[in-house]
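Residue-level listing of the chains:
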Amino acid sequence: MEVKTSLLDNMIGVGDMVLLEPLSEDSFLDNLKKRFDHSEIYTYIGSVVISMNPYRSLPIYTPEKVEEYRNRNFYELSPHIYALADEAYRSLRDQDKDQCILITGESGAGKTEASKLVMSYVAAVCGKGHEVNKVKEQLLQSNPVLEAFGNAKTVRNDNSSRFGKYMDIEFDFKGDPLGGVISNYLLEKSRVVKQPRGERNFHVFYQLLSGASDDTLRKLKLDRDFSKYNYLSLDSAAVNGLDDAANFRTVRNAMQIVGFMEDEVQSVLELVAAVLKLGNIEFKPESRCNGTDESRVKDKNDLKEMCELLGIEQSVLERAFSYRTVEAKMEKVSTTLNVAQAYYARDALAKNLYSRLFSWLVTRINESIQAQTKARHKVMGVLDIYGFEIFEDNSFEQFIINYCNEKLQQIFIELTLREEQEEYVREGIEWTNIEYFNNAIICDLIENNQNGILAMLDEECLRPGTVTDETFLDKLNTICADHQHFESRLNKNSKFLNDHSLPHNCFRIQHYAGKVLYRVEGFVDKNNDLLYRDLSQAMYKANHSLIKQLFPEGNPAKVNLKRPPTAGFQFRASVGTLMRNLQTKNPNYIRCIKPNDKKASHIFTDSLVCHQVRYLGLMENVRVRRAGYAFRQPYEPCLERYKMLCKRTWPHWKGPARDGVEVLMADLQIPAEEIAYGRSKIFIRNPRTLFFLEEKRKQCLQDLATLIQKIYRGWKCRTHFLLMKKSQIVVAAWYRRYAQQKKYRNIKSATTVVQSYTRGWQARKLLRELKYQKRCEEAVTTIAAFWHGTQVRREYRKFFRANAGKKIYDFTIQRIIQKYFLGLKSNMPSMSPIDKKWPARPYSFLDGVHTELRKIFHHWRCKKYRDQFTEEKKAVYEEKLEASEIFKGKKALYPSSVSQPFKGDYLEISKNPKYQKLNSAVDEKVLLADVVNKINRANGKGTPRIFLLTKKNFVLADQKTGQVKASIPLPDVTSVSVSTQKDGFFALKLKEGSASAVKGDFLLSSEHLIEIITKLHRIGATAADREKLKVDISDEFLVQFKQDKVCVKFIQSSPKNGNSVSCKRKNNRLLEVSVPTSP
Ligand SMILES: Nc1ncnc2c1ncn2[C@@H]1O[C@H](COP(=O)(O)OP(=O)(O)O)[C@@H](O)[C@H]1O
Ligand SMILES: [Mg+2]
């Protein structure tokens, strides 16, 4: 469980001065001191935070502390600046109220530190993210840049802000920073040229000289030596605990983060360097003939370097330091400057250069940090303005600064004291008035339009004629003489005539924070803030973009003869704007108090603190706070906010809001003294009561949230449940369908199986039955057939025995013969007559038929063969047949002749021209013509002779000449004799007594013996007039040679005696022919 803490826990003294008892100045200071001694630097007066400067770093700004204070109620923890920052930020974010944080206090009281702490806290607790972080970083980093250029070491504060700063931080509706706008107020520029003793010029000069690299310094034509520059005071150049070199790097880095370009940084540094150089320019008088002194630049080196830095023509600037041109109504008058005027001009230029540079920096930073969106935004303003200043020597600046503080006090009074009390009256709350000092009268003394000091100063400045600070003081003395807060020696009827603490050239104002003596010297000048036009024009001519921008009035085209508004006027205007701005916002106060004048820790100077407590009006603050009510709110928003705390007002209250609030408070049992009911508002005395309400509300909201959550969750769960249920039904339906389908399919397939088995079984059964039936039928048929067969056979046996055997036999034989013929037909031999092949017979009883058929086939084949023959071929074959009849088996020569065709005319007698005579001699057709050997009857030797045979005769003719030797008619030839052997001898025997037979028979020899004889025989056979020629075949026959009968005998000789047949006449009676035996 969360442990509730409170401001009251472990309290040192009292954390809230409102609780102080008894309330007196002493107890107030004691309380502050006690807390300060225990390092409790923050104390509340209600919602105002008093901050004591500890002058040492305390471990109370850690990130853990930030977390501790984050989102906690103001009074929950011990007083802290974070509590105020958190309160402001949350009411900005959650209640949409623009906030301003007003930090007041003397110089060195810790205002700037406080403003930084507030900003860093807000940065830490607001949104995160890349863009947001960038914006935060830029906002935070704008501080070091402005501090370098706008802060300086003073006797009161080593890091004193010499300008007023008001920064608006802009947030979106979520509370994320969007950007910011900085306004600056009156830089104390006199510091640039002169610093009071023990103080320094602005930090940046020292930072640049100590921190810049040698290279940078060379470029800027500077030396790392403070003593070389007139504008830098030397007695406190080095400040304890201030590292200028390191700070320079921080500043450069910050400038980069804020978004300065490298060339912009360079330009800025060039201007800073130029200011330093400017301070070193010195003048000397140069007497003129008219007796006046004219100023001249003493050593031109610095002038030259400065002109080089800024790109200004040296002669132009030099002239501007010696002459002054005054323009008035078309007239230009040039006057010379004396040395003092030249120095004045120089310093004015330096101050202007620097202060304009500073304003430019602020504008430039604003460009970077301004919000990028035009969306509606909420604003938190942080005001850190220079604190009240009382120096030994107070001038125009202090006057202005103190005026500003006076205004701030005014606004504080307005909003806290007067406003508060007035409200009580307005609301009709019973109220005892608390006395407090209202400084409106002092503000009026300064800013009144008619006779205010600033108005008179302006008047004096604009007045023609000689105007000096003294004339201004005179004026003041006359006009403000009666003012109770104005004191002056010269005031005629003044009670201060003998007040020696008040010098003649001074006036004193009783500020709310104390009396301040102002020396009038310089008031007029500073208010005029005069820069000779020649100088601004010289600056405008510079070849340096930044300088040109800073001196727009130097543009000759825009010469404005009207005087620029005075410094006092400008300041009054901007303070006015600021005040109006602050009044629109919800103020949060931090009142800073410095504990001692020595910037030392642990020292608590009572008198100093007491003084501050007094002039800050803190006691009055407490008193008002204690007498009054801590919190007020119109009835409507109050009821709206807390109505849930009471059943009667929740959720709606019908009736006036005030009654509702009363009912509500009564219901909550808030003690009557804690609340007051005003006309339109309820007032709550104690913050604790408010916190009680808030706590209750928070609790109630939590309960409500729980309730809403509960209902929402219930609704959500129910909706979800219903959806699930619906879905479940759908799913179940689908599933059931699926399950049923599956089951159905299973049953179906099982059924099919069972069915198939059953059917199979039935079918098999049926099949068996059918088979059995069929077998029975077959058996019956068979039995019937047998039975019928038996019956029939018994019936027909008698017929069968008589005829059937023969018929079967015939049929069988017929079948066999048919088969035989068909077989023969398919196996017929070829058609060649000499082919001996003949298929074998299948059955021996077919032998005869088979042989006969073979014979018939052969004859038929031969006939077919013969049918092909021609007549000639037939004749040839007839001849050959005849030859065979004559000689076959009788003569050994015959076989060799079978293959020789009977050609007949071997000599081609009719064609051969040689035998033409012979041919013509033979009148008949020549049947045969051949060369034969005619055996000499006497010696047996052969002579070749042509042998011609015709149908009627044969002719022997000389082979060479063709002369016919003998022509014998065939009827004279009776017979022919030949041997049985292979020789070709034949003897033609002639009819005895015929004319041809005179010389005897002819014995001839021919190779074609068989043909000759066959032809002779045929002729004889065909001739009707003669007898058939007789052919004798024997190895011994007789021939008739003339009268002699000679025996021709054929003997066989051995082949050794030569292969040829030889014929020899052995004697009268014998002619021996030896025929070699064939091998
Ligand atoms: N809360 C603080 N914790 C530590 N030191 C502080 C604190 N507030 C101020 N100081 C010291 O006091 C000095 C002056 O504070 P600063 O805020 O510059 O004063 P102011 O702005 O009011 O003139 C700072 O430089 C710092 O050293
Ligand atoms: Mg400051």
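Heads up: these notes are all about the structure in this document.

**Details of the overall build of the chain**
And step 1. Within the chain, the regular secondary structure consists of 31 helices and 31 strands.
And step 2. Scaling as 2.2 N^0.38, a compact globule of 1079 residues should have a C-alpha radius of gyration of about 31 Å, whereas the chain reaches 84 Å, well beyond that.
And step 3. Its C-alpha atoms give the chain principal-axis dimensions of about 240 × 120 × 55 Å.
And step 4. Here the chain holds 1079 residues, and 48% of them are scored as buried.

**Section: the sheet that holds strand β14 (residues 506–511)**
And step 1. Spatial strand order, β13-β14-β15: three strands in an open sheet with antiparallel pairing. The strands lining the two open edges of the sheet, one partner per strand, are β13 (486–488) and β15 (514–519). The mean inter-strand angle of the sheet, taken between neighbouring strand axes irrespective of direction, is 25°.
And step 2. Here β14 pairs with β15 via six bridges, running antiparallel.

**Here we look at a positive patch on the surface**
And step 1. Judged by side-chain charge, Arg793, Arg794, Arg797 and Arg801 come together as a positively charged surface patch.
And step 2. In this fold, Arg793 is placed in helix α26 (residues 687–826).
And step 3. For Arg793, a relative accessible area of 46% gives the class partly exposed.

**Considerations on the coordination of the magnesium ion (ligand 2)**
And step 1. The magnesium ion (ligand 2) binds to the protein through Thr112 (OG1) and Ser161 (OG), with metal-donor distances spanning 1.9 to 2.2 Å. Here the residue Thr112 occupies a position in helix α4 (residues 111–125), and Ser161 occupies one in strand β5 (residues 160–161), the gap between them amounting to 49 residues.

**Describing the side chain of Thr689**
And step 1. Following the sequence through the fold, Thr689 ends up in helix α26.
And step 2. Not counting residues up to four positions away in its chain, the partners in contact with Thr689 are Ile670, Glu674 and Ile684.

**Quick word on the environment of Lys97**
And step 1. Checked against the element boundaries, Lys97 lands in the loop between α3 (81–95) and β3 (99–105).
And step 2. Residue classification places Lys97 among the partly exposed residues on the basis of a relative accessible area of 40%.
And step 3. Sequence separation between Lys97 and Trp715 is 618 residues; the distance between their C-alpha atoms is 37 Å.
And step 4. Beyond its immediate stretch of four places on either side in the chain, Lys97 contacts Ser91 and Leu92.

**Here's the deal with the environment of Gln484**
And step 1. Here Gln484 lies in the loop between α17 (469–479) and β13.
And step 2. Gln484 sits 26 residues away from Gln510 along the chain, and the two C-alpha atoms are 8.3 Å apart.
And step 3. Excluding residues that lie within four positions of it along the chain, Gln484 makes contacts with Ile441 and Gln510.

**A few points about the nonpolar core**
And step 1. Counting residues in each nonpolar core, the largest one holds 185 residues, and the members touching the most others are Phe28, Phe149, Leu317 and Phe507.
And step 2. Here the element with the most residues in this core is helix α13 (residues 339–369); it accounts for 15 residues.
And step 3. Setting aside anything within four residues of it in sequence, one finds Leu317 in contact with Leu303, Met306, Cys307, Ile312, Leu349, Leu535, Ala538 and Met539.
And step 4. By size, the runner-up hydrophobic cluster in this structure holds 31 residues, among which are Phe947, Ala966, Ile968 and Phe1002.

**Topic: the sheet that holds strand β29 (residues 1044–1053)**
And step 1. In spatial order, the strands read β28-β29-β31-β30; together these four strands make up an open sheet with mixed pairing. A strand with exactly one partner marks an edge of an open sheet, and here the two such strands are β28 (1036–1041) and β30 (1062–1065). The sheet shows a mean angle of 25° between the axes of neighbouring strands, direction not considered.
And step 2. As judged from the seven bridges shared by β29 and strand β31 (residues 1070–1076), these two strands associate in the parallel manner. From the neighbouring strand, Val1048 faces β31, where its bridge partner is Leu1071.

**Some points on the site of ligand 1**
And step 1. Around ligand 1, the surrounding shell holds 15 residues, and the nearest of these are Asn53, Gly108, Lys111, Thr112 and Asn157.
And step 2. Contacts to ligand 1 include Asn53, whose side-chain N or O atom sits 2.7 Å from an oxygen atom.
And step 3. Within the backbone of Glu113, one N or O atom sits 2.9 Å away from an oxygen atom of ligand 1.
And step 4. Relative to its unbound accessible surface of 550 Å², ligand 1 loses 84% to contact with the protein.

**Some remarks on the pairing of β31**
And step 1. Of all seven residues in β31, six are buried, a share of seventy percent or more.
And step 2. For β30 and β31, the ladder comprises four bridges, and the chain directions are antiparallel. Its bridge partner lying in β31, Arg1065 is registered against Leu1071.

**Focus: a nonpolar patch on the surface**
And step 1. A surface patch of nonpolar side chains, amounting to about 380 Å² of accessible area, comprises Ile708, Tyr712 and Trp715.
And step 2. Relative to the helices and strands, Tyr712 is located in helix α26.

**A closer look at the packing of aromatic side chains**
And step 1. Within this structure, the stated rule accounts for 35 aromatic pairs.
And step 2. On the basis of an interplanar angle of 75° and a centroid distance of 5.7 Å, the ring pair of Phe507 and Phe523 is categorised as edge-to-face. With Phe507 in strand β14 and Phe523 in helix α18 (residues 523–528), this pair connects stretches of sequence that are 16 residues apart.
And step 3. For Phe507, a relative accessible area of 0% gives the class buried.
And step 4. With a centroid separation of 6.1 Å and an interplanar angle of 45°, the aromatic rings of Tyr735 and Tyr738 are classed as tilted. Within this pair, Tyr735 and its partner Tyr738 are both found in helix α26, separated by three residues, close to a single helical turn.
And step 5. Residue Tyr735 is classed as exposed on the basis of its relative accessible area, which comes to 52%.
And step 6. Looking at Tyr738, the relative accessible area reads 42%, which means it is partly exposed.
And step 7. Among the aromatic residues, those joined into a cluster by ring pairs are Phe396, Phe399, Phe472, Phe486, Phe507, Tyr518 and Phe523.
And step 8. The aromatic ring of Tyr206 is capped on one face by Arg200, whose charged end is 3.9 Å from the ring centroid.
And step 9. Between Arg319 and the ring centre of Tyr323, over which it is positioned, the NZ or CZ distance is 4.4 Å.

How each quantity is defined
Residues numbered from 1 in each chain as written. Chains lettered and ligands numbered in written order. Predicted model: local features only at pLDDT ≥ 70, side-chain atom pairs only at ≥ 80, totals over all residues. Heavy atoms only, no water. Helix = DSSP H or I, 4+ residues; strand = E, 2+ residues; numbered from the N terminus. Rg over C-alpha atoms; globule rule 2.2 N^0.38 Å. Buried < 20%, exposed > 50% of the residue type's maximum accessible area, 1.4 Å probe, protein only. Pairing = 2+ DSSP bridges. Axes fitted to C-alpha atoms, helices over the stretch in contact; angles between N-to-C directions. Patch = residues over 30% accessible without salt bridge, like charges linked within 9 Å, V, L, I, M, F, W, Y side chains within 5 Å. Areas by Shrake-Rupley, 256 points an atom, 1.4 Å probe, with all protein chains shown as cover. Salt bridge = Lys/Arg side-chain N within 4 Å of Asp/Glu carboxyl O. Lys, Arg positive; Asp, Glu negative; His and termini not counted. Charge placed at Lys NZ, Arg CZ, Asp CG, Glu CD. Donors = N, O, S within 2.8 Å, 3.2 Å for Na, K, Ca; no water. Contact = heavy atoms within 4.5 Å. Core = buried A, V, L, I, M, F, W, Y, C linked by side-chain atoms within 4.5 Å. Near = heavy atom within 4 Å. Polar contact = N/O pair within 3.5 Å; in protein donor to acceptor, adjacent residues only side chain to side chain. Phe/Tyr/Trp six-rings, centres within 6.5 Å; stacked < 30°, edge-to-face > 60°. Lys NZ or Arg CZ within 6 Å of the ring centre and 35° of its normal.

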